[in-house]
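Fold and geometry: a report
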Amino acid sequence: MSDDITAGPPASGTFLSGDGYVGDPAARAEWDGRYADRQQLWSGRPNGALVAEVAGLAPGRVLDVGCGEGADAVWLARGGWDVTALEVSGVALERAAGHARDAGVDVRWVHAGLTEAALPPASFDLVSAQYPALPRTPDASAERALLAAVAPGGVLLLVHHAGMETREAHESGFDPADYVWPAMVAALLTDDWKVEVDEQRPRVVPEGGAGAHHADDVVLRARRLR
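Fair warning: this is a prediction, and the values are worked out from it, not measured in the lab.

1. Examining the pairing of strand E1 (residues 61-65)
Most of E1 is tucked away: four of the five residues are buried. Bridge count between E1 and strand E2 (residues 82-87): five bridges; the pairing is parallel. The partner of Leu63 across the bridge, within E2, is Thr84. As for the winding sense of the linkage, the β-α-β connection from E1 through helix H3 (residues 71-78) to E2 is right-handed.

Dropping the structure here:
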């Protein structure tokens, strides 16, 4: 993996709290608060759709977008992948780094938002975004950042909860119209891409953790041809 990822420390199993965060301070504060409220927010197991879709891929360089507490990143590293894991929450990254140390694997941690991370373009054999909370913008910056990170021959794997984009705004402040959904990314795919999977399927749910009540996934898997 190229070392010109300027938003985070070099590859290691350690994340240093206080390292320069690059991104929206409000997003960092929101997610730090969510993680701080619970000792463990997610199940600690890799996402089922990721496990299923990666099974036939040769390990290479992978970007884990919104890595949370690191279950996917650690699982990928154990499988021989060279992992760069990106997350806005420093609280989550500290936990993720601890899990990586316990597992004896190295992960490159990037404390940044996706669009601010200065990731090397076209450098990842796999870009995995599992249920990401990516803010929607008029210029589709998050969607374009996902696509731009994939190397020729590489795969974008985007998984989200089915039906979320059609829900009404919630009194808690959550409005689906504020976020990026798989169909928005699929709409930007050109002839340079081949869609390998674009479907709704029953979710393979890890035991415990937030989000376990969602029953179905939307899975978009696309390969960059050139």
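So, next bit.
2. Considering the side chain of Asp32
Tracing the sequence through the fold places Asp32 in helix H1 (residues 25-36). Since its relative accessible area comes to 18%, Asp32 is described here as buried. Polar side-chain contacts of Asp32 include one of 3.0 Å to the backbone nitrogen of Gly90. With sequence-adjacent residues up to four places away left out, Asp32 is seen in contact with Ser89, Gly90 and Val91.

3. With respect to the confidence of the model for the chain
Residues of the chain with pLDDT of at least 70 account for 83%, and the chain-wide mean is 87. Within the model, the stretch residues 1-13 combines pLDDT values under 50 with 45 contacts to residues more than four positions away or in other chains.

4. Structural notes on the sheet that holds strand E4 (residues 124-130)
Strands sit in the order E3-E2-E1-E4-E5-E7-E6 across an open sheet of seven strands; the sheet is mixed. Where the open sheet ends on each side, the last strands, each with one partner, are strand E3 (108-111) and strand E6 (193-202). Within the sheet, the average angular offset between the axes of one strand and its neighbour, ignoring direction, is 15°. Across nine bridges, E6 lies against strand E7 (residues 216-224) in antiparallel orientation.

5. Concerning the environment of Asp102
Positionally, Asp102 belongs in helix H4 (residues 90-103). By relative accessible area, which is 69% here, Asp102 ends up exposed.

6. With respect to the pairing of E2
In summary, the side chains of a regular strand alternate between the two faces of the sheet. Of all six residues in E2, five are buried; the element is thus mostly enclosed. Sheet topology places E2 next to E3; four bridges connect them, and they run parallel. Bridge pairing in E3 links Glu87 to His111. With H4 bridging E2 and its parallel neighbour E3, the resulting β-α-β unit is right-handed.

Rules and cut-offs
- Residues numbered from 1 in each chain as written.
- Predicted model: local features only at pLDDT ≥ 70, side-chain atom pairs only at ≥ 80, totals over all residues.
- Heavy atoms only, no water.
- Buried < 20%, exposed > 50% of the residue type's maximum accessible area, 1.4 Å probe, protein only.
- Helix = DSSP H or I, 4+ residues; strand = E, 2+ residues; numbered from the N terminus.
- Pairing = 2+ DSSP bridges.
- Right-handed = clockwise from strand over helix to strand, strands pointing away.
- Polar contact = N/O pair within 3.5 Å; in protein donor to acceptor, adjacent residues only side chain to side chain.
- Contact = heavy atoms within 4.5 Å.
- pLDDT = per-residue confidence, 0-100.
- Axes fitted to C-alpha atoms, helices over the stretch in contact; angles between N-to-C directions.

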